Amino acid sequence: MSLPVPMQLELRNEPLNLSAPFRISGYVFHAMPATVVTLRHGQHTGRGEAAGVYYTDDRPEGMLATLESLRSRIEAGIDREALCELLPPGGARNALDCALWELEAQLRGEPVWKLAGLEAVQPLLTTFTVGADEPGTMAARAAGHVDSDKGARALKLKLTGEPKLDGERVRAVRARCPDAWIGVDANQGYDAETLPKLLPVVVESNVSLLEQPCARGKETDLDGIEHVLPFAADESILDLRELEARHHRFDVINIKLDKCGGLTEGLLMAKRARELGKQVMVGNMAGTSLAMGPAFVLGQYCDVVDLDGPIFLAEDRSPGVVYRDGYIDCPADVWGYPQ
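Attention in this report is confined to the structure presented alongside it.

1. Points about the pattern of salt bridges
Item 1. Under the defined criterion, the tally for this structure stands at 33 salt bridges.
Item 2. R59 is the salt-bridge partner of D57, the closest N and O atoms lying 2.8 Å from each other.
Item 3. D57 gets classed as exposed once you look at its relative accessible area, which sits at 56%.
Item 4. Relative accessible area serves as the criterion here: at 29%, R59 is assigned to the partly exposed category.

In structure tokens:
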């Protein structure tokens, strides 16, 4: 759809402090700043939020500068197809792409999910992430998710590339949460020598998914290692081009809108991953409910959903997505519906 002009572009960065430090392999987060894009045409508004990709140095200050440099081009009129030619995958394109989707929904009088080819949307079972820590602490946090009013049924455990300690972490969580679906995320922490030491423990503990076991760019470390459980690509596959190049070493593709540059490419990736015989996962780089809204639409096409970002923030937007009985739901007043 060619959107009408002129459009008014509003840009800002927000700090988005976390309620507590969050540790993964090689990194500790204290905040997850984001760039927010708002597009206005008359009484109609479209919004998008992006955190970027920290490990490619795609950060909000750069995203904001990039979008500001393109202000005249954007305000003169741009659609999602032209945007994919104008900007590479990444946070800046994601924020603007999602704003364009919502603005189009406003102008058409139809929700984004319908524009995306869905007949309806439903709540999605989501993982709740447990940051890397001492085994007992992780077990207590995991049980806290399960026993909270959010009622987690699926957990994702952050590992640090230390086979013995990671094994103790997995065993401790499984002992406290015997009925939960569990996935583990190595965040590039393992290699050809250390990964085989971890695999027996995750199998023994009935872990259902191993996300990003190896470093980005070192996918050959996986050659010759039996996939005793599904291996998921996160950092290894950022966008559609990389999906074509690297899919053969993975069973599951984790699509994040900040990586691929928005809902437009995310939907194309999900379709292509299916054609390649892969399972599809949707993840997030943290963010508020405004970032979860577009990912929730993509999640309708996915086998695994990891959309728990807002629960780690000191403060989310209101209205926000709803977590109940282990599921995430995105009410009409959060994002993507005509007003």
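Resuming the write-up.
2. Observations concerning the sheet that holds strand β16 (residues 327-329)
Strands belonging to one sheet form pairs held by backbone hydrogen bonds; the direction of such a pair is parallel or antiparallel.
Item 1. A sheet is described by the order of its strands in space; here three strands give the open sequence β6-β16-β15, paired in antiparallel fashion. Of all strands in the sheet, those with a lone pairing partner are β6 (124-125) and β15 (322-324), marking the two edges.
Item 2. Pairing analysis gives two bridges linking β6 to β16, with the strands arranged antiparallel. Within the sheet, the bridge partner assigned to L125 lies in β16 and is Y327.

3. A look at helix α4 (residues 91-108)
Given 3.6 residues per helical turn, the α-helix brings residues three or four places apart onto the same face.
Item 1. Here α4 is 18 residues long and its end C-alpha atoms lie 26 Å apart, about the 26 Å a rise of 1.5 Å per residue gives.
Item 2. Within α4, 16 of the 18 residues are buried, which leaves the element mostly enclosed by the surrounding structure.
Item 3. Positive phi shows up at G109, right after α4, with a value of about 75°.

4. Here we look at empty space enclosed by the protein
Item 1. On inspection of all chains with the given rule, the structure shows three cavities of 30 Å³ or more.
Item 2. In this model, the largest cavity occupies a volume close to 330 Å³.
Item 3. Looking at the largest cavity, it is lined by 21 residues, and the ones nearest its centre are F22, K158, N284, M285 and A286.
Item 4. For the lining of the largest cavity, the secondary structure elements donating two or more residues are β2 (17-24) and β8 (154-158).
Item 5. For the second largest cavity, the calculated volume is near 100 Å³.
Item 6. Around the second largest cavity, the lining comprises 14 residues; the ones closest to its centre are N94, L257, D258, A291 and A295.
Item 7. Counting residues per element, the lining of the second largest cavity draws most heavily on helix α12 (residues 289-299), which supplies four residues.
Item 8. Taken together, the residues that form the lining of the second largest cavity break down as eight nonpolar, three polar and three charged.

5. Describing the pairing of strand β4 (residues 34-41)
Item 1. Counting buried positions along β4 yields six of eight residues, so the element is predominantly enclosed.
Item 2. Pairing between strand β1 (residues 8-14) and β4: seven bridges, direction antiparallel. Bridge assignment links E14 to a residue of β4, and that residue is A34.
Item 3. Taken together, the seven bridges between β4 and strand β5 (residues 44-50) define a ladder with antiparallel strand orientation. Pairing of H41 across the sheet is with H44, part of β5.

Rules and cut-offs
Here, residues in each chain are numbered from 1, in the same order as that chain's written sequence. Reporting in this predicted model follows two pLDDT cut-offs: at least 70 for local features of residues, and 80 or more for side-chain atom pairs to be given and counted; totals over whole chains, interfaces and linings ignore these cut-offs and use all residues. Water and hydrogen atoms were dropped before computing side-chain values, which therefore reflect all heavy atoms in the structure. Here a salt bridge means any side-chain nitrogen of Lys or Arg lying within 4 Å of a carboxyl oxygen belonging to Asp or Glu. The rule is simple: take the accessible area with a 1.4 Å probe, protein chains only, and divide by the maximum for that residue type; under 20% is buried, over 50% is exposed, in between is partly exposed. A strand pair is defined by DSSP finding two or more bridges across the two strands. The way it works is that DSSP assigns letters per residue, a run of H or I at least four long becomes a helix, a run of E at least two long becomes a strand, and they are numbered from the N terminus. Multiplying 1.5 Å by the residue count of a helix minus one yields the expected span of that helix. Both cavities and pockets are sets of points on a 1 Å grid over the protein atoms alone; in a cavity a 1.4 Å probe fits but cannot get out, in a pocket the set is open with protein on both sides within 12 Å along at least five of seven lines, and lining residues sit with an atom within 4 Å of a point. Grid points are joined across faces, edges and corners, and a volume is the space filled by probe spheres set on the points. Residues are sorted three ways: Asp, Glu, Lys and Arg are charged, Ala, Val, Leu, Ile, Met, Phe, Trp, Tyr, Cys and Pro are nonpolar, and all the rest, Gly among them, are polar.

Nothing here speaks to function; it is all geometry.
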